[in-house]
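What follows is the residue order along each chain.
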Amino acid sequence: AQSVTQLDSQVPVFEEAPVELRCNYSSSVSVYLFWYVQYPNQGLQLLLKYLSGSTLVKGINGFEAEFNKSQTSFHLRKPSVHISDTAEYFCAVTPPGRRALTFGSGTRLQVQP
Amino acid sequence: EPEVTQTPSHQVTQMGQEVILRCVPISNHLYFYWYRQILGQKVEFLVSFYNNEISEKSEIFDDQFSVERPDGSNFTLKIRSTKLEDSAMYFCASSEFPTGDGYTFGSGTRLTVV
């Protein structure tokens, strides 16, 4: 079985500041990793994914994440945030060949002017 | 951009009643899913559906739940006899390929059981 831990339930940050949202996972098998974003009253939108290859993954809206196998982490970063980045961010994993995503509990990013 | 459409956006039902949540996946997608998120908790997998049958389900997806693709466009989740603890946001998702490509999620149906 897999589990995902997002250590920070809320992250307040000022506009144009950098941000890192942390994600750690536990799995006895290799996994694919994902970050999703949920804006208010909307569904989950895929930000980026890691399947294989380069451990630095670039996604939409200027976000990137780095897969660290030894630390079983997949932290999400953005060098300069905007007010419009205010949303809930979810990390998720699944083993290759499985359909079910296992989600973390989410991190609410609050960007302040 | 293609969307997954869910209706209704909010449904209130009495405990013990049957409820059907509806979803229209993206037209060329072959894999369909339901997830739920109880308020303040994690998003949880319920079921995946492919080729007109369930391909994977979680422990949550017990006999009270069923899924169906009644025609070429709709994908439904039925809860036979709702309980208070079924109150949650239910998300439908679809994908063209298995999980590796990531899903497209709908905006959800908030189910409130009273």
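**Points about the overall build of chain A**
Thought 1: If you tally the helices and strands in chain A, you get 0 helices and 12 strands.
Thought 2: In terms of overall size, chain A behaves like a compact globule, its C-alpha atoms giving a radius of gyration of 13 Å where 113 residues would be expected to give roughly 13 Å.
Thought 3: The principal-axis extents of the C-alpha atoms in chain A amount to approximately 40 × 30 × 20 Å.
Thought 4: Looking at chain A as a whole, 46% of its 113 residues qualify as buried.
Thought 5: Put simply, of all contacts in chain A between residues at least 6 apart along the chain, 56% involve residues at least 24 apart.
Thought 6: Accessible area of chain A: about 5,400 Å², with a carbon and sulfur share of 49%.
Thought 7: Averaging the positions of the 9 positive and the 8 negative side-chain charges in chain A gives two centres separated by 13 Å.

**Some thoughts on the interface of chain A and chain B**
Thought 1: Facing the 21 residues of chain A at the interface are 21 residues of chain B.
Thought 2: When the buried surface of chain A facing chain B is broken down by residue, L44, R99 and F103 of chain A rank first, second and third, together holding 40% of it.
Thought 3: Linking chain A to chain B there are 1 salt bridge.
Thought 4: R98 of chain A is paired through a salt bridge with E56 of chain B; the nearest N and O atoms lie 2.5 Å apart.
Thought 5: Linking chain A to chain B there are 7 residue pairs in polar contact (both at pLDDT 80 or more).
Thought 6: The set of elements that each furnish at least two residues to the side of chain A that touches chain B consists of β5 (32–38), β6 (44–50) and β10 (87–94) of chain A.
Thought 7: With 4 residues, β5 of chain A is the largest single contributor of residues to the side of chain A that touches chain B.
Thought 8: Residues belonging to the side of chain A that touches chain B are distributed by class as follows: 11 nonpolar, 7 polar and 3 charged.

**Considering the pairing of strand β4 (residues 31–37) of chain B**
Residue and element names in this part refer to chain B.
Thought 1: Buried residues dominate β4, accounting for 7 of its 7 residues.
Thought 2: What sits between the antiparallel neighbours β4 and strand β5 (residues 43–50) is a turn of 5 residues, in which G40 has the positive phi angle 80 degrees.
Thought 3: As paired elements, β4 and strand β9 (residues 88–95) share 7 bridges and run antiparallel to each other. Within the sheet, the bridge partner assigned to Y33 lies in β9 and is A93.

**Observations regarding the nonpolar core**
All names here are of chain A.
Thought 1: W35, L48, L76 and Y89 are the most contacted members of the largest nonpolar core, which totals 28 residues.
Thought 2: Here the element with the most residues in this core is β10; it accounts for 4 residues.
Thought 3: Contacts of Y89, omitting those with residues within four sequence positions, involve Q6, L21, W35, Y36, V37, L47, F63, L76, G106, T107 and L109.

**Details of the state of the cysteines**
Residue and element names in this part refer to chain A.
Thought 1: Applying the stated criterion across every chain, the model contains 2 disulfides over all chains.
Thought 2: Covalent S-S linkage joins C23 and C91, the inter-sulfur distance amounting to 2.0 Å. One disulfide, between C23 and C91, carries an S-S torsion of -65 degrees and so falls in the left-handed class. Of the two residues, C23 is situated in the loop between β3 (19–21) and β4 (24–26) and C91 in strand β10; the sequence distance between them amounts to 68 residues.

Basis of the calculations
Residues numbered from 1 in each chain as written. Chains lettered and ligands numbered in written order. Predicted model: local features only at pLDDT ≥ 70, side-chain atom pairs only at ≥ 80, totals over all residues. Heavy atoms only, no water. Helix = DSSP H or I, 4+ residues; strand = E, 2+ residues; numbered from the N terminus. Rg over C-alpha atoms; globule rule 2.2 N^0.38 Å. Buried < 20%, exposed > 50% of the residue type's maximum accessible area, 1.4 Å probe, protein only. Contact = heavy atoms within 4.5 Å. Areas by Shrake-Rupley, 256 points an atom, 1.4 Å probe, with all protein chains shown as cover. Lys, Arg positive; Asp, Glu negative; His and termini not counted. Charge placed at Lys NZ, Arg CZ, Asp CG, Glu CD. Buried area = accessible area lost by both parts, 1.4 Å probe. Salt bridge = Lys/Arg side-chain N within 4 Å of Asp/Glu carboxyl O. Polar contact = N/O pair within 3.5 Å; in protein donor to acceptor, adjacent residues only side chain to side chain. Nonpolar A, V, L, I, M, F, W, Y, C, P; charged D, E, K, R; others polar. Pairing = 2+ DSSP bridges. Core = buried A, V, L, I, M, F, W, Y, C linked by side-chain atoms within 4.5 Å. Disulfide = S-S within 2.5 Å.

By themselves, these figures tell us nothing about what the structure is for.
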